[in-house]
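# Analysis of the macromolecular model
For reference, the chains in residue letters:
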Amino acid sequence: MSARLLYVMDPMCSWCWGFAPVAEALIAQAREAGVPTRLVLGGLRSGSSALDASTRRYILEHWQAVAEATGQAFRFEGAMPDGFVYDTEPACRALVAARELDAERVWPLLGLIQRAFYEQGVDVTRAPQLVELAEQAGFDRGHFAEAFSRADTRAATAADFSWVQDLGIAGFPTLLAERNGQLALLTNGYQPLDRLQPLLGRWLQQAACA
């Protein structure tokens, strides 16, 4: 019997940032039961152009809603300045590179990227910033930079995006539970921990008995 969770998200998705403490608790719950979690990158916005004022205002309204619903911290002042290109592919690719280099270190890097973007206003669409964060997560700077820029890492990132699209997942965060190749949906969109923890607990119990 093989079982795992699949956490489908984008590091520059505000609802995924709101969901971060919930995801962390659920991943720990699964780990205690011997079930690993694989991070799958969704590709929220890829190859976008620079934000105009109305789009920036629209996104910041979303951020405000997420902050109010989840209690997660956001830095609104100076966020996404003039000329900012909201392209999430580089941050997703950094996590794919991390996943291939050291699957366990992908989780601290994810947290660092999210906090840098939402709490500190760092432009995590840029390679130097992503390499710096990877080093903070414990990766060798040179090895990570090389992996991040490789063609096969770009292809693996595109493959994640395609898998998510082919499955018809339209929103993030999405948490799937997979047992013997069969997928079950735990959540599509933000839900609080007290709603998801029992659901995951029942699935883990069934997985253990299978």
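Structure: above.
Values in this document were obtained by computation on a predicted structure and should not be read as measured data.

Look at the link from F172 to P173: it is a cis peptide, with omega at 0°. Within the fold, P173 resides in the loop between α7 (151-167) and β3 (174-179). Phi at M80 is positive, roughly 50°, even though this residue is not glycine. Mapped onto the elements, M80 comes out in the loop between α2 (53-70) and α3 (89-101). Residue classification places M80 among the buried residues on the basis of a relative accessible area of 5%.

Okay, the packing of helix α4 (residues 106-118) against helix α5 (residues 127-136) next. In the contact formed by α4 and α5, the axes pass within 9 Å of each other and the chain directions differ by 130°. As far as their axial angle goes, α5 and α4 are oblique. Helix-helix and strand crossings are classified by hand; for α4 and α5 the assignment is right-handed. Contact residues: L109, L112, I113 and A116 in α4; L130, L133, A134 and Q136 in α5.

In this section: the pattern of salt bridges. As enumerated under the stated definition, the model contains nine salt bridges in all. Measuring nitrogen to oxygen at the nearest pair gives 2.5 Å for the salt bridge that ties E178 to R4. Placement of E178 in strand β3 and of R4 in strand β1 (residues 3-9) is noted, with a sequence separation of 174 residues between them. In this structure E178 comes out as buried when scored by relative accessible area, which is 16%. Its salt-bridge partner being E89, residue R93 comes within 2.9 Å of it at the nearest N-O pair. Residue R93 and its partner E89 are located together in helix α3, separated by four residues, close to a single helical turn.

Looking only at helix α6 (residues 141-149), the buried set comprises F144, A147 and F148. When α6 is viewed along its axis, its buried side chains cluster within an angular range of 100° and face the same direction. Those residues of α6 that are buried are in contact with α3, α4, α5 and α7. With a side-chain oxygen positioned 3.2 Å from the backbone nitrogen of G142, the residue opening α6 is D140.

Here we take up the nonpolar core. Residues Y7, W63, Y86, L109 and F144 are the most contacted members of the largest nonpolar core, which totals 71 residues. Once residues within four sequence positions are removed from consideration, W63 is found in contact with S14, F74, R75, F76, A79, M80, Y86, F117 and Y118.

Relative to the assigned elements, R56 resides in helix α2. Residue class for R56 comes out partly exposed when judged on its relative accessible area of 26%. Sequence spacing of R56 and C92 is 36 residues, and the spatial spacing of their C-alpha atoms is 21 Å. In this view, R56 contacts L51, F76, G78, A79 and M80; residues no more than four positions away in its chain are not counted.

In this section: the side chain of S14. Tracing the backbone shows S14 in helix α1 (residues 14-32). In this structure S14 comes out as buried when scored by relative accessible area, which is 9%. Setting aside residues up to four positions removed in sequence, S14 forms contacts with W63, V66, F74 and Y118.

What follows covers the packing of aromatic side chains. The full count for this structure, using the stated rule, is 16 aromatic pairs. Aromatic pair F19 and Y190: ring centres 6.1 Å apart, planes at 85°, arrangement edge-to-face. One end of the pair, F19, is in helix α1; the other, Y190, is in the loop between β4 (182-188) and α8 (193-209), and 171 residues separate them in sequence. Overall, the relative accessible area of 0% leaves F19 in the buried class. In this structure Y190 comes out as partly exposed when scored by relative accessible area, which is 27%. Ring geometry for F84 and Y86: centres 5.7 Å apart, planes at 70°, overall edge-to-face. Accessibility classification places F84 together with Y86 in one group, the buried group. A cation over an aromatic ring shows up here: R45 above the ring of Y86, its NZ or CZ 5.0 Å from the ring centre.

Procedures and definitions
- Residues numbered from 1 in each chain as written.
- Predicted model: local features only at pLDDT ≥ 70, side-chain atom pairs only at ≥ 80, totals over all residues.
- Heavy atoms only, no water.
- Helix = DSSP H or I, 4+ residues; strand = E, 2+ residues; numbered from the N terminus.
- Buried < 20%, exposed > 50% of the residue type's maximum accessible area, 1.4 Å probe, protein only.
- Axes fitted to C-alpha atoms, helices over the stretch in contact; angles between N-to-C directions.
- Parallel < 35°, antiparallel > 145°, perpendicular 65-115°, else oblique.
- Left-handed = near helix turned anticlockwise from the far one by under 90°.
- Contact = heavy atoms within 4.5 Å.
- Salt bridge = Lys/Arg side-chain N within 4 Å of Asp/Glu carboxyl O.
- Arc of directions from axis to C-beta.
- Polar contact = N/O pair within 3.5 Å; in protein donor to acceptor, adjacent residues only side chain to side chain.
- Core = buried A, V, L, I, M, F, W, Y, C linked by side-chain atoms within 4.5 Å.
- Phe/Tyr/Trp six-rings, centres within 6.5 Å; stacked < 30°, edge-to-face > 60°.
- Lys NZ or Arg CZ within 6 Å of the ring centre and 35° of its normal.

Keep in mind these numbers describe shape, not what the thing actually does.
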